[in-house]
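Below are the chains, spelled out letter by letter.
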Amino acid sequence: MAGRLIYLIGPSGSGKDSLLDAARARLAERGCRIVRRVITRSPESVGEAAQGVSPGQFAVMDAEGAFALSWQANGLSYGIPREIDDWLAAGEDVLVNGSRGHLAQTRLRYPRLLVLLLTVEQAVLRQRLLARGRESLADIDERLARNARFSESLASAPGVFLLDNSGPLERTVERLLGCLDGQSACA
Ligand SMILES: Nc1ncnc2c1ncn2[C@@H]1O[C@H](COP(=O)(O)OP(=O)(O)O)[C@@H](O)[C@H]1O
Ligand SMILES: O=P(O)(O)OC[C@H]1O[C@H](OP(=O)(O)OP(=O)(O)O)[C@H](O)[C@@H]1O
């Protein structure tokens, strides 16, 4: 049987990367792969969870069909390597750090998608983005405005499981694993 594509979405600063890092070993134990994304960000600022490329390199990879999914947001391009289709076909679960803006297109390609929406109150979100210290204040304000546009419509959308990350990360890890194991509702 084909594996599940698990699409983790949520505002910038909600903790998607942190959650995936914290859950990495336990997801691996379950045979769930975490996708390493390709991002047009400098190699120093993408970390281990992504491959940083120039816009030109990204365009070449895209034209060569390197991506199963790709999108643009916050002035960056993101690509999900096409290897995920081989993993899914081999029955492996695959977890993607996804985009709310690209959800509809992703669903067209992967109709059985499991969508997990990481939520955090807007005030906490602002604090986390400030504390992360990666973006300028103007970029942080843009991210918060982008979040306000998405949050109402998505939180009540059908087929979207909510995962609250306002509290300690360890608790969110347990919720995520419980949700994937089918032991509990995600929220
Ligand atoms: N549950 C949590 N409690 C406190 N801080 C958190 C929590 N989850 C994430 N953070 C912090 O919030 C900031 C944004 O997290 P990050 O994983 O980069 O978010 P995203 O990948 O969604 O943009 C980071 O500085 C991270 O350490
Ligand atoms: O359509 P949206 O849901 O707003 O998502 C847009 C992009 O922002 C996030 O990326 P990234 O991890 O780079 O966010 P960051 O800049 O906060 O790290 C997310 O994973 C998407 O790639």
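Residues numbered from 1 in each chain as written. Chains lettered and ligands numbered in written order. Predicted model: local features only at pLDDT ≥ 70, side-chain atom pairs only at ≥ 80, totals over all residues. Heavy atoms only, no water.

Stated formally: UniProt positions are given in the numbering used here, feature names are shortened, and annotations may be inferred rather than shown by experiment.
The chain carries the name Ribose 1,5-bisphosphate phosphokinase PhnN in an unreviewed UniProt entry, which gives Pseudomonas karstica as its organism. Under the heading Catalytic activity (unreviewed entry), UniProt records this for the chain: "alpha-D-ribose 1,5-bisphosphate + ATP = 5-phospho-alpha-D-ribose 1-diphosphate + ADP".

1. Quick notes on unusual backbone geometry
Here is the rule we go by: We count a stretch as a helix when DSSP gives it H or I for four or more residues in a row; a strand needs E for two or more, and each element gets its number in order from the N terminus.
Even without being a glycine, Asn74 presents a positive backbone phi close to 50°. Relative to the elements of secondary structure, Asn74 occurs in the loop between strand E5 (67-73) and strand E6 (76-81).

2. Remarks on the UniProt feature "binding site: ATP" (unreviewed entry) in the chain
This is how the line gets drawn: Grid points spaced at 1 Å over the protein atoms alone were grouped into cavities, where a 1.4 Å probe fits but cannot get out, and pockets, open sets with protein on both sides within 12 Å along at least five of seven lines, with lining residues defined by an atom within 4 Å of a point. By the criterion applied in these results, polar contacts are pairs of N or O atoms within 3.5 Å in which, for protein atoms, one can donate a hydrogen and the other can accept it, and in which residues neighboring in sequence qualify only through two side-chain atoms.
The UniProt record marks Gly10, Pro11, Ser12, Gly13, Ser14, Gly15, Lys16 and Asp17 with the feature "binding site: ATP" (unreviewed entry), using the residue numbering of this structure. Among the residues just listed, Gly10, Pro11, Ser12, Gly13, Ser14, Gly15, Lys16 and Asp17 line the largest pocket. Mapped onto the elements, Ser14 comes out in the loop between strand E1 (5-9) and helix H1 (16-29). Within the local environment of Ser14, its side chain forms a polar contact with the backbone oxygen of Pro11, the two atoms lying 2.7 Å apart. With respect to the helices, strands and loops of the structure, Gly15 is situated in the loop between E1 and H1.

3. Points about the sheet that holds strand E4 (residues 50-52)
Under the convention used in this document: Two strands are counted as paired when DSSP detects at least two bridges linking them. With axes taken as lines fitted to C-alpha atoms, and helix axes fitted only over the stretch in contact, angles between N-to-C directions fall between 0 and 180 degrees.
Here we have 4 strands laid out as an open sheet, ordered E4-E3-E6-E5, and mixed in their pairing. Bordering the open sheet on either side are E4 and E5, each of which pairs with just one other strand. The sheet shows a mean angle of 20° between the axes of neighbouring strands, direction not considered.

4. Some details on the packing of aromatic side chains
We count it as follows: The criterion for an aromatic pair is that two Phe, Tyr or Trp rings (for Trp, the six-membered ring) have centres within 6.5 Å, with stacked assigned to planes under 30 degrees apart, edge-to-face to planes over 60 apart and tilted to the rest. Here the term buried applies to any residue with accessible area under 20% of the maximum for its type, exposed to any over 50%, and partly exposed to those in between, with areas from a 1.4 Å probe on protein chains only. Only lysine NZ and arginine CZ atoms are considered, and such an atom sits over a ring when it is within 6 Å of the ring centre and within 35 degrees of the ring normal.
Evaluation of the coordinates by the stated rule reveals 2 aromatic pairs. Measuring from centroid to centroid gives 5.8 Å for Trp71 and Tyr78, while their planes differ by 20°, and the two rings are stacked. Across the pair, Tyr78 and Trp71 agree in class, each one buried. The lysine or arginine in question, Arg33, covers the ring of Trp87, its NZ or CZ lying 4.2 Å from the ring centre.

5. Focus on the confidence of the model for the chain
Caution is warranted with low-pLDDT regions, since their predicted coordinates should not be read in detail. The cut-off we apply is this: Every residue carries a pLDDT, the predictor's confidence in it, which falls somewhere between 0 and 100.
In this model, the chain carries a mean pLDDT of 92, and residues with pLDDT of at least 70 account for 97%. The weakest mean pLDDT in the chain belongs to helix H2 (residues 43-46) at 72; the strongest belongs to helix H3 (residues 55-63) at 98. Across the whole predicted complex the pTM is 0.92, and at the interface the ipTM reaches 0.95.

6. Focus on helix H8 (residues 169-181)
The α-helix advances 3.6 residues per turn, and as a result positions three or four apart in sequence lie on the same side. As a reminder, the rule being used: What a helix is expected to span follows from its residue count: subtract one and scale by 1.5 Å.
Counted at 1.5 Å a residue, the expected span for H8 with its 13 residues is 18 Å, and the 18 Å between its end C-alpha atoms agrees. When we look at burial in H8, the residues that qualify are Thr172, Val173, Leu176, Leu177, Gly178, Cys179 and Leu180. Just past H8, the residue Gly182 takes up positive phi, approximately 75°.

7. A short note on the pattern of salt bridges
Here is the rule: A pairing counts as a salt bridge when a side-chain nitrogen of Lys or Arg comes within 4 Å of a carboxyl oxygen of Asp or Glu.
Applying the stated rule across the entire model yields 10 salt bridges. In this structure, Asp93 engages Arg4 in a salt bridge whose closest nitrogen and oxygen atoms are separated by 3.1 Å. Taken as a pair, Asp93 in strand E7 (residues 93-97) and Arg4 in the segment before E1 lie far apart in primary sequence, 89 residues in all. The salt bridge partner of Arg109 is Asp85, with a shortest N-O separation of 2.7 Å. Of this pair, Arg109 sits in helix H5 (residues 103-109) while Asp85 sits in helix H4 (residues 83-89), placing them 24 residues apart in sequence.

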